[in-house]
Amino acid sequence: MKKDWYSGAIIWKVEDGVLKFLVFWSWSTNPRYWKQGPQLKFPGGKNHDHPEDLTSIDTLFREVPEELSESGRPRLVVRPCTNPA
């Protein structure tokens, strides 16, 4: 049995000396959770139903561009790095 995991990204930049994060509002499509209302979240997702995701990095590379695209066209290339400068 394959494990499920969540991969997410914290995308940030410093603009005019102000640290800014990329977040978005998310609403559940399940009526069971409608009472919770919208939730603020970072881009990311689970590997559930995606057998091609062998590692959490695979999930990250798939999820982040998918969530930040228009009509499924990625407009962000995700590259992990140790030094963001």
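None of these values were measured; they are calculated from a predicted model. (Residues numbered from 1 in each chain as written. Predicted model: local features only at pLDDT ≥ 70, side-chain atom pairs only at ≥ 80, totals over all residues. Heavy atoms only, no water.)

## Some remarks on the pairing of strand 3 (residues 18–21)
Next up, step 1: Note that strand 2 (residues 12–15) and strand 3 share four bridges and pair antiparallel. Its bridge partner lying in strand 3, Trp-12 is registered against Phe-21.
Next up, step 2: Counted between consecutive antiparallel strands, the loop separating strand 2 from strand 3 contains two residues, among which Asp-16 sits at a positive phi close to 55°. (Pairing = 2+ DSSP bridges. Helix = DSSP H or I, 4+ residues; strand = E, 2+ residues; numbered from the N terminus.)

## Quick notes on the side chain of Thr-59
Next up, step 1: Mapped onto the fold, Thr-59 is located in helix 1 (residues 56–67).
Next up, step 2: Exposure remark for Thr-59: the relative accessible area of 0% places this residue in the buried category.
Next up, step 3: Those residues in contact with Thr-59 that sit more than four places away from it in its chain are Trp-5, Ser-7, Gly-45, Lys-46, Asn-47 and Asp-53. (Buried < 20%, exposed > 50% of the residue type's maximum accessible area, 1.4 Å probe, protein only. Contact = heavy atoms within 4.5 Å.)

## Quick look at the pattern of salt bridges
Next up, step 1: By the definition in use, this model includes seven salt bridges.
Next up, step 2: When the shortest N-O distance is used, the salt bridge between Glu-15 and Lys-13 registers 2.9 Å.
Next up, step 3: According to the relative accessible area criterion, Lys-13 is partly exposed, its value standing at 44%.
Next up, step 4: Put simply, Asp-53 and Arg-62 hold a salt bridge, and the shortest N to O gap is 2.8 Å. (Salt bridge = Lys/Arg side-chain N within 4 Å of Asp/Glu carboxyl O.)

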